[in-house]
Amino acid sequence: MLAAGCLVRVPLGQREVLGIVWGGAEPPDAAQRAKTKAIIAALEGIAPLDAAWRALVEFAARYYQRAIGEVALAALPPQLRELDGEQLARRQKLLAQRAAKPVSAAPQGAVDSEDGVTLSAQQSQAITDFFAQTPAKPALLFGATGSGKTEVYLRCAAQVLQTSHQAQVLVMVPEINLTAQLLARFNSRFEPIYGPQAVVAMHSGMTPAQRLKSWLAAHTGAARIVLGTRMAIFASMPGLQLLVVDEEHDPSYKSQDGARHSARDLAVLRAKYQGAQAGSDCRVLLGSATPSLETWHACEQGRYLRLAMPERVGRGAPAALCVVDMRQLPKKTLFAPALLQAIAQRVARGEQALVFLNRRGYAPVLACSACDWKSQCPHCSAYRVFHKTDRTLRCHHCGTTDRVPRACPECGNVDIAPIGRGTQKLEEQLAQALGIHIVVQARQGTNVLTGMGMAATDATTDGPPAALPGPASPPDGSPTALQRPEGSPAALLRPDGSLAVIARMDADTTRLKGALEQQLANVHSGEVDILVGTQMIAKGHDFRRITLVAAVNPDSALYSSDFRAPERLFSLLMQAAGRAGRDAQLLGAQMWVQTFHPEHPLFASLKAHDYPGFAAQQLRERTQAGLPPMSYQALIRAEARSQEAAQAFLQAASEAAGAVEAFEHVTLYPSVPMSIQRIADVERAQMLVESSSRAALQKFLSSWQASLRATKVQGMIRWAMDVDPLLI
Ligand code: ADP
Ligand code: ZN
Ligand code: ZN
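Conventions adopted
- Residues numbered from 1 in each chain as written.
- Chains lettered and ligands numbered in written order.
- Predicted model: local features only at pLDDT ≥ 70, side-chain atom pairs only at ≥ 80, totals over all residues.
- Heavy atoms only, no water.
- Helix = DSSP H or I, 4+ residues; strand = E, 2+ residues; numbered from the N terminus.
- Buried < 20%, exposed > 50% of the residue type's maximum accessible area, 1.4 Å probe, protein only.
- Contact = heavy atoms within 4.5 Å.
- Areas by Shrake-Rupley, 256 points an atom, 1.4 Å probe, with all protein chains shown as cover.
- Donors = N, O, S within 2.8 Å, 3.2 Å for Na, K, Ca; no water.
- Tetrahedral: all angles 85-135°; square planar, octahedral: opposite > 155°, others 65-115°.
- Pairing = 2+ DSSP bridges.
- Salt bridge = Lys/Arg side-chain N within 4 Å of Asp/Glu carboxyl O.
- Axes fitted to C-alpha atoms, helices over the stretch in contact; angles between N-to-C directions.

Participant: What is the right way to read the overall build of the protein from this model?
Facilitator: Helix and strand counts for the protein come out as 19 helices and 28 strands. Looking at the 728 residues of the protein, the share that counts as buried comes to 54%. If you take every contact in the protein between residues at least 6 apart in sequence, the share linking residues at least 24 apart comes to 75%. When the accessible area of the protein is evaluated, it comes to approximately 31400 Å², of which 54% is carbon and sulfur surface.

In C-alpha cells:
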C-alpha cells in the first residue's frame, strides 16, 4: 500500500507516465479494478508530496474548475516526468552531498544590523506587528516605493529561518526580469549563514535541468528559500513558514492558461493549509505601494492586517507630478513643448529621462475630439469597445451593441476615433524634435548609432521606417555617418559636449536573448540619455540618474472597457514616478503626464501620492456598479472556426444553465466577441458570469461543467473557464 503523495510511474497506453498517489478515493470496485492498470513502480527515495501541498492542488483544481491530475502534474517540473527512480535518487544524493556544509544558526544579534543596514522605525514596527499577531492573518505591507520593503522581506525571512533547521520561505516576484536582482540580495544575505544552496530560483526562464534541481532542493529541504515567479507557488516546501508576494497587485500573478490560477490568492490559501499541517502559524506577507483593490478591501474589512510604511528611506522627495492639459495644444500634438523643454534641460545637465506609453493590451474605446463624449455603455459603468471588423460598439460587460455612429452623438463632430492612436512614431518624433541620436540594436547585439532623428531600420523593428531625410542605416546594422536632418533643431548636447542619445525598449527590441540586459546596461552606464518604451521600462529597474519620467498617452486606461484599467494605470504611474529621483543627490525629480482629461480624479490622488484616496473612490464606484471585489466573476471563453460557432456554443451553454444548481444566484450576460476578436484565424467570444456570493458562483460553475462538456457545436475548437478573470 503506497502512501498518499507518493510519486509513481504508471502505464498509459504504450507509454509510462508520472503519477501521484492521491488519497481519499473510494476503494475501486471489481469492475474498476479490471480497468485500472497496476502501478509500475514508485519513485524510490523521493519523499511523498505532503498533505498541505496536496490540499493546495485540490483547492486550485476545484476553485479554478480543472482536473486534479492536470493541476498536480503541471505543478511538477517537466523533467521529473522523464527521469526514472534511479536517476532521481542519484541527483538527490548529489544535492545532499553539496548541501552537507553544516547549517549554523545565525549569530546572535546579526538580525539587528545585517549588511550594516539599521532598520528605520517604520520598518521595525512593521516587522514587530507582523509577527505579533496570533493567529496570523495575511498581512499587507503597504509601503511606498523606496520605503525599504525588500529589507523587511529579508528580515522576516531571517527571523523565520532562525526558528528551526527545517523552516523554509517562499518569495514571489511578478517578473523573471526582477528575480536576478532580488536573488542577489537574498544570496548575499543568506549564503554566508546557510550555505550555497540555501537560496534557489524557480521560473520559466530556467532550463528543465535547472528547474528540477531547484525543485528537488526545495522538496528535500536543502533549499531554505525559494525565489520565483508565479509558478513557484506550487513548489513542494515541507517546512514552509513564510510566503512573501512582492508587488502583489501585479497582473502577472494571474496565469493566462491552464487553470488560470492567481498565485497571490493561492499564497493565502497555501499558508492556511500549511499552518494546519504544521500546527503552527505559516505567515503571508503581500507587499505593494499600490495594492490590488481586492487586497485593500480585505484590509478595510479587517480580514488582512495592514502594515504601513509611507516614508522613503534615505532618499529625496518623491517625484512631483506635472499634468499637461493636451486640450490646450494643437490637435495631434505628440509632445507638449513644455515636456520637450524639460527633457532637454535634464539631458543637458547630465541626467536621464524615461518616456513611456502604455497602449499595449487595451481595447479601443471611441472618443470625440471636440467634446467629452466617449463610447460609454448606457447600462454599465464600462466603456464599449470599438470592433473594427463590423464597425460596432459592444459592451463587454452586458453585450449591448450598436453601429458606430457617423458623428459624435453629443456635438455632431465627425472626428471620433479610438483613444490612444498615433503613438507609433514616438521615438522618431522625439529624436527629431530634440535633434538626437537613436540607438538601434545590431545583429551581433552591440549598439550602433543611426543618423539623427532617423527611424531604426534593423530587423527587430516593426513598421516601415519613417520617411525622414538623412542616410539610411545599411542592412548589416553598421554605423552610418551622423548627419542632421534638414529643418531639425540644434543638436542636444550632454554636459561634456557629446551628442545625446535616445533608445527604445519594448517587446520588439528585447526579443533577442540578452538584449534586455544589454539595453538596461546602456542606461546604467549613461550611454543612453533618453529611454523610450512601453510600460515594461517603468517596472522595478533601478536607474539612478533618471530624474524625469513621462507618460505620454495614459488616457486609454482612464476610459477603458475594462473596469480594472484605472487601477492598473494608477499603479503604473506611481511605480514609474518611483523610477525618478532614486538618487538623493539629484533634486527636483518630476513625473509628467499628458492627458486630455486632467480633471480625472485619478490625477488628483496621484499628485497627492494618495493611494488610499484613490482606492476609496474606486471602491465606491465598484460598489455602485456591483463589480469585484464586491462581486465575483468568471468568464467562459470559446474559440471556434467562426464567430457564429463560438457564440452558438456560449448561447447553448447559457440555455443549459437554467437547470444548473445555484442558477438563481448568478447572472449570466450575453456572449460577446473578445476585444481581439480573431487571432490566427481563430474566432473568440466570451461570456461573463457574476454573483454576489463566491460560494454560489463556485457551486454553479462546478455543476455547469457537465452541461458545457455535453454541449457540441460544429466548428468549436475549445473552451475554458477563467475564474476571477483580470482582463474582461
Ligand atoms: P522598496 O522595495 O520599498 O521600493 P527597497 O527595499 O528597494 O524599497 O529599498 C530602497 C533602498 O533603500 C535600497 O537601496 C535599500 O538598500 C535601502 N534601504 C532599505 N532599508 C534601509 C534602511 N533601514 N537604511 C538604509 N537604507 C535602507
Ligand atoms: Zn462630441
Ligand atoms: Zn453594458
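Participant: In this structure, what is going on with the coordination of the zinc ion (ligand 2)? I would like to understand it.
Facilitator: Perfect tetrahedral coordination of a metal by four donors corresponds to 109.5 degrees between them, and perfect octahedral coordination by six donors corresponds to 90 or 180 degrees. Protein-derived ligands of the zinc ion (ligand 2) are Cys 368 (SG), Cys 371 (SG), Cys 408 (SG) and Cys 411 (SG), with the metal-ligand distances lying across 2.2 to 2.4 Å. One can describe the site at the zinc ion (ligand 2) as tetrahedral: its four donor atoms subtend angles covering 104 to 115° at the metal. Written as a sequence motif, the donor residues of the zinc ion (ligand 2) are C-x2-C-x36-C-x2-C. Residue Cys 368 is located in strand E13 (residues 366-368), and its partner Cys 408 is located in the loop between strand E16 (401-403) and strand E17 (416-418); the two are separated by 40 residues in the primary sequence. Here Cys 368 and Cys 408 have matching classes, each one buried.

Participant: Honestly, the sheet that holds strand E3 (residues 41-42) in this entry has me stumped. Any pointers?
Facilitator: The strands making up a sheet associate through backbone hydrogen bonding, with each pair oriented either parallel or antiparallel. Strand order across the open sheet formed by three strands is E2-E1-E3, with antiparallel pairing between neighbours. The open sheet has two free edges, formed respectively by strand E2 (15-20) and E3, since each of these has just one partner strand.

Participant: Sorry if this is basic, but what is going on with the pattern of salt bridges here?
Facilitator: Close approach of charged atoms allows side chains of opposite charge to pair. Applying the stated criterion across every chain yields a total of 23 salt bridges. Residues Arg 384 and Asp 402 are paired through a salt bridge, measuring 2.8 Å at the closest nitrogen-oxygen approach. Of this pair, Arg 384 sits in the loop between E13 and strand E14 (385-387) while Asp 402 is found in strand E16, placing the two residues 18 residues apart along the sequence. Since its relative accessible area comes to 38%, Asp 402 is described here as partly exposed. Ionic contacts of the salt-bridge type, sharing partners, join the residues Glu 151, Arg 155, Arg 185 and Arg 189 into one network.

Participant: Could you clarify how one ought to interpret the sheet that holds E16 in this entry?
Facilitator: Spatially, E14-E15-E16 is the arrangement adopted by the three strands of the open sheet, whose pairing is antiparallel. Lying at the two open borders of the sheet, with one neighbouring strand each, are E14 and E16. Here the strands of the sheet are splayed against their neighbours by 30° on average, with no regard to which way each runs.

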